[in-house]
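Residue-level structural notes
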Amino acid sequence: MTLRIATLFVRHGVQKYADSLEALLEQQARSLAGAECEVVVIDNALPETHREMVQPGVTLIGGSNAHWEFSAWDSGVAHFGASLRRFDFVQLVTSAFRELYNDYIALCDTALLTALRGRSLALGHIDQYNAPITLLGRRSQSWIRTSYLFLPPQELQLLGSLVSLRDEAAFFTDDPKAPFRTDAPLDEAYRQNILGWLIGAGTGQGVAWHSRFDLTAETLPRFRAKAMAILNEHALAIRLRAQGSATLDATWAARQLRAGGPLAGHALPHWQEQLAHR
């Protein structure tokens with residue numbers, strides 16, 4: 001039975017990552033050979049009413065930029081409507097999918113996805129902090145990177161929306177010297193991780209963000225928006241786990257498949273066990 005994948009690819013214009021769509025289609029041709037892929041490009045720099053056939057199997061639509069990629073993905077889900085249930089997986093991708101570590105992308109191939117078909121999970125790259133953080137009273141240390149991610153359409157339906165957090169004012173001030181509200185629902189460790197990632201030297205793991213900037217009155221809106229995207233990414237993992245969807249690291253899963261280990265019909269290990277090889 002042919003594997004069917006609905007790809008929701010988000011970009012904001014084509015000035016940055018201009019070749020990202022071409023790179024994604026080439027990646028699909030290599031890794032997802034034999035699968036049937038229908039690609040919807042959601043450009044949240046275009047009017048939400050925009051509809052255009054780019055090439056067979058690739059449609060360009062406008063999307064909401066209210067909450068960056070998360071609201072744009074909601075636009076893509078709405079575009080498919082009930083027909084999304086025809087697919088085995090929904091592939092969530094952003095135009096920055098090749099940034100940072102990306103070797104796992106090639107591992108998300110037809111064989112692995114076929115082995116995981118029918119399971120309640122999200123497949124991608126699991127990231128972690130050095131220690132747990134607290135967000136909205138929930139203690140968490142890991143999340144699944146949303147720049148390149150696969151999950152069944154049923155999991156999207158359970159979520160209702162890919163936007164978890166909407167109110168910037170609940171988290172941030174208008175003061176670049178103290179950007180977080182004192183009563184914001186995240187702990188000091190998480191605040192320092194966000195500051196370190198966006199405007200500092202990283203999160204203490206030897207990796208720095210590719211688009212670091214200085215925090216000033218002029219860049220504060222950008223800081224708030226990007227920090228909200230970070231919070232929404234982590235909150236998505238928390239919500240997925242809460243609804244019974246396992247977060248599955250592609251590197252671990254591919255290794256299991258090559259070794260003949262069980263992937264179907266067996267409980268998946270805790271994320272810390274999956275990442276132990278790192």
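These figures come from a predicted structure and were not determined experimentally.

Rules of the game
Residues numbered from 1 in each chain as written. Predicted model: local features only at pLDDT ≥ 70, side-chain atom pairs only at ≥ 80, totals over all residues. Heavy atoms only, no water. Helix = DSSP H or I, 4+ residues; strand = E, 2+ residues; numbered from the N terminus. Rg over C-alpha atoms; globule rule 2.2 N^0.38 Å. Buried < 20%, exposed > 50% of the residue type's maximum accessible area, 1.4 Å probe, protein only. Phe/Tyr/Trp six-rings, centres within 6.5 Å; stacked < 30°, edge-to-face > 60°. Pairing = 2+ DSSP bridges. Right-handed = clockwise from strand over helix to strand, strands pointing away. Patch = residues over 30% accessible without salt bridge, like charges linked within 9 Å, V, L, I, M, F, W, Y side chains within 5 Å. Areas by Shrake-Rupley, 256 points an atom, 1.4 Å probe, with all protein chains shown as cover. Salt bridge = Lys/Arg side-chain N within 4 Å of Asp/Glu carboxyl O. Axes fitted to C-alpha atoms, helices over the stretch in contact; angles between N-to-C directions. Parallel < 35°, antiparallel > 145°, perpendicular 65-115°, else oblique. Left-handed = near helix turned anticlockwise from the far one by under 90°. Contact = heavy atoms within 4.5 Å. Nonpolar A, V, L, I, M, F, W, Y, C, P; charged D, E, K, R; others polar. Core = buried A, V, L, I, M, F, W, Y, C linked by side-chain atoms within 4.5 Å. Expected span 1.5 Å × (residues − 1). Arc of directions from axis to C-beta.

Moving on, we come to the overall build of the protein. Along its length, the protein carries eight helices and 10 strands. Its C-alpha radius of gyration of 18 Å places the protein within 12% of the 19 Å reference for a compact globule of 278 residues. Reported as C-alpha extents along the three principal axes, the dimensions of the protein are approximately 55 × 45 × 30 Å. For the protein, with 278 residues in total, the buried portion stands at 52%.

Looking now at the packing of aromatic side chains. Counted by the stated rule, this structure contains 13 aromatic pairs. Each ring, one from Tyr 129 and one from Trp 143, has its centre 4.6 Å from the other, and the planes form 45 degrees; the classification is tilted. Here the residue Tyr 129 occupies a position in strand β7 (residues 126-135), and Trp 143 occupies one in strand β8 (residues 138-144), the gap between them amounting to 14 residues. For the pair Tyr 129 and Trp 143, a shared accessibility class is recorded, and that class is buried. Between Phe 172 and Phe 223, the aromatic rings sit 6.1 Å apart at their centres with planes inclined by 75 degrees, giving edge-to-face as the arrangement.

Once that is clear, we can look at the pairing of strand β1 (residues 4-11). For β1, the tally of buried residues reaches seven of eight residues, placing the bulk of the element in the interior. By the bridge criterion, eight bridges tie β1 to strand β2 (residues 36-43) in an arrangement that is parallel. Paired with Ala 6 across the bridge in β2 is Glu 38. Viewed along the sheet, the connection from β1 through helix α1 (residues 20-31) into β2 turns out right-handed.

This part is about a nonpolar patch on the surface. There is a patch of nonpolar side chains on the surface, built from Leu 100, Tyr 101 and Val 207 and spanning about 240 Å² of accessible area. Looking at where Val 207 falls in the secondary structure, it is placed in the loop between α5 (188-199) and α6 (220-242). You can call Val 207 partly exposed: its relative accessible area is 41%.

A few words now on the packing of α5 against α6. Contact geometry of α5 with α6 gives a least axis separation of 11 Å together with a crossing angle of 125 degrees. Here α5 lies oblique to α6, going by the angle between them. Regarding α5 and α6, the two cross each other, and that crossing is right-handed. Residue-level inspection shows Tyr 190, Ile 194, Leu 195, Trp 197, Leu 198 and Ile 199 of α5 in contact with α6, the latter providing Phe 223, Lys 226, Ala 227, Ile 230, Leu 231 and His 234. Residue classes in the contact of α5 with α6 are distributed as 10 nonpolar, one polar and one charged.

Relative to the helices and strands, Asp 214 resides in the loop between α5 and α6. Separated by 16 residues in sequence, Asp 214 and Leu 198 have C-alpha atoms that sit 8.4 Å apart.

With that settled, consider the nonpolar core. In this structure, Leu 123, Tyr 148 and Phe 150 are the most contacted members of the largest nonpolar core, which totals 32 residues. Take this core: its biggest share by element is four residues, from helix α7 (residues 250-258). Discounting residues that sit within four places of it in the chain, Tyr 148 has contacts with Leu 24, Gln 27, Gln 91, Leu 92, Val 93, Phe 97, Tyr 104, Ile 105, Cys 108, Leu 123 and Gly 124. Membership of the second largest hydrophobic core comes to 27 residues, among which are Ile 133, Phe 171, Trp 209 and Phe 213.

Let's shift gears to α1. Each turn of an α-helix holds 3.6 residues, which means side chains three or four residues apart point in the same direction. Taking 1.5 Å of rise per residue, 12 residues should cover 16 Å, and α1 covers 16 Å from first to last C-alpha, within 8% of that figure. For α1, the full list of buried residues reads Ser 20, Leu 21, Ala 23, Leu 24, Gln 27, Gln 28 and Ser 31. The arc enclosing the buried residues of α1, seen along the axis, measures out at 160 degrees, which places them on a common side. Exposed side chains of α1 directed beyond 90 degrees from the buried face belong to Glu 22, Ala 29 and Arg 30. In the core, the buried residues of α1 are packed alongside β1, β2, β5 (89-94), α3 (110-116) and β9 (148-151).

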